[in-house]
Amino acid sequence: MITQHDINQKQYQNKSLDYLNSQAHSEGIEFNKFINEIQKFEKAVVLDLGCGGGHVSYNVAPHADLVFAYDLSHEMLDTVSKTASQRKLKNIFVQQGIAEDMPFSDHQFDVVISRYSAHHWQHVPSAMKEVNRVLKPDGIVIFVDIISSSSPILDTFLQTIETIRDPSHVRNYSVKEWVYFIEDAGFDLVGLDKQTLSLDFDSWVKRMKTPEDQIKTLRYLQEGSSDLVKKYFKIQNDGSFESHVGYFVFKKLGF
């Protein structure tokens, strides 16, 4: 039986360097926000959940005691290990596994950060309960991910282009869905910001090595979309566009 985890593993083969060198992944106003939160803890132990190319880990490591870069892809983790060594970041440790079943102790982390990963997870509610389990009682969680709209037209367009580009895509969730996941897992949402992510079309498909026929389908959908869709995603003549991003901060209830 082929699982979503199997699809994810296959889809990210031979792509770790593309994600390491991706401007969309290596830059972002959220990195300084991460650091500000981590500095509130003395000798913070941080989990970079769904680390991908490792950009969260590289940015927060100088401000933390320990950082665990955690991902499903062995190839991504190999790249993180090599890059951390090259940058002389000796407090980054890698661990392979899935978000829904983590090999960590209860109450192990002061800070859990997940950035542009959750839309690949097989079952977000299970993963959120695992985050609660591994987080210290007074710890903090920060999730950053592309968010969908409650409008069916906009939601369908986003999910469609994401899946055509990348078959490992599961879903971009709306703010309403995220609030439910957070509260259902025993957390209190204490902060929510919205950002935008500019995506260069050529880099976006090249990073995922999207086949040419699927690229043509993506452009067909963009060009044939309604004015509402084009305006919301700010679709340009070359296919470049903007995605809406949610920045969620939450803590365990009672803390």
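Residues numbered from 1 in each chain as written. Predicted model: local features only at pLDDT ≥ 70, side-chain atom pairs only at ≥ 80, totals over all residues. Heavy atoms only, no water.

You'll find the protein entered in an unreviewed UniProt entry as Methyltransferase type 11 domain-containing protein, with Acinetobacter calcoaceticus DSM 30006 = CIP 81.8 given as the organism. What UniProt records for the protein under Sequence similarities (unreviewed entry) is the sentence "Belongs to the methyltransferase superfamily." (UniProt positions renumbered as here; feature names shortened; annotations may be inferred.)

> Help me out: how do you make sense of the environment of Ile92 in this one?
Examined against the element boundaries, Ile92 turns out to sit in strand β3 (residues 92–96). Relative accessible area serves as the criterion here: at 10%, Ile92 is assigned to the buried category. Along the backbone, Ile92 and Lys129 are 37 residues apart, and their C-alpha atoms lie at a distance of 24 Å. Setting aside its immediate chain neighbours within four residues, Ile92 contacts Ser57, Tyr58, Ala61, Val67, Ala69, Val80 and Ala84. (Helix = DSSP H or I, 4+ residues; strand = E, 2+ residues; numbered from the N terminus. Buried < 20%, exposed > 50% of the residue type's maximum accessible area, 1.4 Å probe, protein only. Contact = heavy atoms within 4.5 Å.)

> I'm lost on unusual backbone geometry in this one. Help?
Glycine aside, residues mostly have negative phi angles, and peptide bonds mostly take the trans form. Of note, the phi angle at Tyr116 is positive, near 55°, even though the residue is not glycine. For Tyr116, the position within the fold is in the loop between β4 (109–115) and α7 (124–134). Even without glycine at this site, Lys209 takes up a positive phi of about 55°. Considering the arrangement of structural elements, one finds Lys209 in the loop between α10 (201–208) and α11 (212–223). Take Lys209: its relative accessible area is 45%, and that puts it in the partly exposed class.

> Would you take a moment to explain the environment of Leu189 for this structure?
Among the structural elements, Leu189 can be located in strand β6 (residues 187–199). Taking the C-alpha atoms as reference points, Leu189 and Phe248, 59 residues apart in sequence, are found 7.3 Å from one another. Contact partners of Leu189, with chain neighbours within four places excluded, come to Val179, Ile182, Phe248, Val249 and Phe250.

> Looking at this structure, how should I read the pairing of β3?
For a regular strand, side chains alternate in direction, first toward one face of the sheet and then toward the other. As paired elements, strand β2 (residues 66–71) and β3 share five bridges and run parallel to each other. Pairing of Phe68 across the sheet is with Phe93, part of β3. With helix α6 (residues 74–86) bridging β2 and its parallel neighbour β3, the resulting β-α-β unit is right-handed. (Pairing = 2+ DSSP bridges. Right-handed = clockwise from strand over helix to strand, strands pointing away.)

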